[in-house]
Amino acid sequence: MSTTPKPGAKAGIYELPADEAKPTGHSIQSDGRRQDWNGKNPAAEGGKKVAIEWLTPKDIFQFKPPADYHIVGDNFIFRGGMAIIAGAAGAGKSRAMTWLALCGAFQTPWFGMKVHRPFRTMLLQAENDEVRLQDELRGAGVKWEDIQDYVRITRIPRFGMDLSDKDFQDQLRRDIAEFKPDVFGVDPWNRCVSDGMQKDYRSAIDGLYSIFPERIEEQPCLVIGSHTRKPKENERANGRELLNLISGSLILGSAARAAIFLQCVTRDESDLRIVATVAKCNNGLMPTSTAWQRANGPFKPLPDFDIEAWKETTGSSSGAGGHNEKISEQHLLELFEHGRVHHSKGEAVRRLMVLTGAQNKACYAALSATGRFAHMLKIEGKEIGLDTELWPVEEGQGHDRE
């Protein structure tokens, strides 16, 4: 497309009038700095930092990402990107972050997503002391010699994680320059912000990126561990809707290029099962939800877990369907007489409603193979009872079937 009009021709929308010579050299910005017309910024004058760089279409077409640009998944974690690991307290965010670091050391999949190459991880964290960290790493079955060159984790900072503090920024900048991480994790994010104001979230994110190296070849991916807000009554969310549950979602949810949510299958603290859902992956394809058992080190996949049934009966954010918080393990022990009887599913639901006063939907959810009492139950065809390997029947007592 020509920008030079033909002699005598009227200037088009993209053409300069014949009597106006196109400037050559530079434009002048509001602060007096010059800028090349081709979009390139000349060296900042007087030592000033260049705030904006313009890309021409040629720049974009000819850009070649670094050979080690891709880190995890289909552009889920990549150099210079930002990803979120979100979940309620106890969902396993910190363990998932540590597991991510181990996946970098051994180049093993993370939540089923491919790890493209070995990578280094730095975790800025403020929740776990040395005892907890030792339990996690030893529980993963790794030797310190195998991960020494790949992982760095902070002690709980004595003075907090104030990203606006110059001394704090300077030390982080030095440490990052020395270790050269590919992934930089922050856990939990609420320790980096003084309040829940959006401007505070934005300032903290900008503060971190100002610390990171400028060259894309050296930039780590920022991975944030974020709490979810307390759900509203009867609130249910799936897929992209989960982004609305992030604390400070307006900023974090929009700034991140990718986000994964960890949701406890039940509210029973002894139930270690979670569902992992990628709710955002702007630069790639979103994988389907998967079920796992959280652990120290690699989480254990649960391929037989029926995620769709779990979504239908339990919901994904507000806890159990109906109001089955009043249903307890003791109720199930009484319902099945401590393992001595089995019932049909319908009969078990009816008896549980009478026993607890809970609604029909809540009782079905409690007796579901993916419900919060699934670890207690054994389902055989149309009959349901207790798993007697976990709840053995007293000697001499048989099983009655109704």
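Above this text sits the structure in question.
Throughout what follows, the structure given in this document is the object of discussion. (Residues numbered from 1 in each chain as written. Predicted model: local features only at pLDDT ≥ 70, side-chain atom pairs only at ≥ 80, totals over all residues. Heavy atoms only, no water.)

### With respect to the environment of His 116
Point 1. Structurally, the position occupied by His 116 is in the loop between helix 2 (93-106) and strand 6 (121-125).
Point 2. Since its relative accessible area comes to 32%, His 116 is described here as partly exposed.
Point 3. Residues His 116 and Asp 68, 48 residues apart in the sequence, show an inter-C-alpha distance of 8.5 Å.
Point 4. Sequence-distant contacts of His 116, defined by excluding residues within four places in its chain, comprise His 70, Ile 71, Val 72, Gly 73 and Gln 107. (Helix = DSSP H or I, 4+ residues; strand = E, 2+ residues; numbered from the N terminus. Buried < 20%, exposed > 50% of the residue type's maximum accessible area, 1.4 Å probe, protein only. Contact = heavy atoms within 4.5 Å.)

### Considering the pairing of strand 8 (residues 183-187)
Point 1. The element strand 8 is extensively covered by neighbouring structure, given that 5 of its 5 residues are classed as buried.
Point 2. Both strand 8 and strand 9 (residues 221-227) contribute to a ladder of 4 bridges, which runs parallel. Bridged to Gly 185 within strand 9 is Val 223. (Pairing = 2+ DSSP bridges.)

### Section: the packing of helix 2 against helix 3 (residues 130-139)
Helices that pack against each other are described as a pair by the angle of their axes relative to one another and the distance between those axes.
Point 1. Relative to each other, helix 2 and helix 3 sit at 50 degrees, their axes nearing to 11 Å. Looking at the two axes, helix 2 sits oblique to helix 3. Helix 3 is crossed by helix 2, and the crossing has right-handed handedness. The segment helix 2 lies against helix 3, with Ser 94, Arg 95, Thr 98 and Leu 102 engaging Arg 132, Glu 136 and Leu 137. (Axes fitted to C-alpha atoms, helices over the stretch in contact; angles between N-to-C directions. Parallel < 35°, antiparallel > 145°, perpendicular 65-115°, else oblique. Left-handed = near helix turned anticlockwise from the far one by under 90°.)

### Side note on the pattern of salt bridges
Point 1. Summed over all chains, the structure comprises 13 salt bridges.
Point 2. Across the salt bridge formed by Glu 347 and Arg 351, the nearest N and O atoms sit 2.7 Å from each other. Here Glu 347 pairs with Arg 351, and both are found in helix 10 (residues 345-356), just 4 residues apart, close to one helical turn.
Point 3. Look at Glu 347 and you get partly exposed, because its relative accessible area is 23%.
Point 4. The exposure class of Arg 351 is partly exposed, given its relative accessible area of 35%.
Point 5. Connected via shared salt-bridge partners are Asp 68, Arg 79, Arg 117 and Asp 182. (Salt bridge = Lys/Arg side-chain N within 4 Å of Asp/Glu carboxyl O.)

### Some points on unusual backbone geometry
Point 1. For the peptide bond that leads from Asp 187 to Pro 188, omega is -5 degrees, which places it in the cis range.
Point 2. Mapped onto the elements of the fold, Pro 188 is located in the loop between strand 8 and helix 6 (198-211).
Point 3. The phi dihedral of Gln 107 falls on the positive side, at around 50 degrees, and the residue is not glycine.
Point 4. Located in the positive-phi region is Lys 180, a residue other than glycine, with phi close to 55 degrees.

By themselves, these are just geometric observations and shouldn't be taken as functional.
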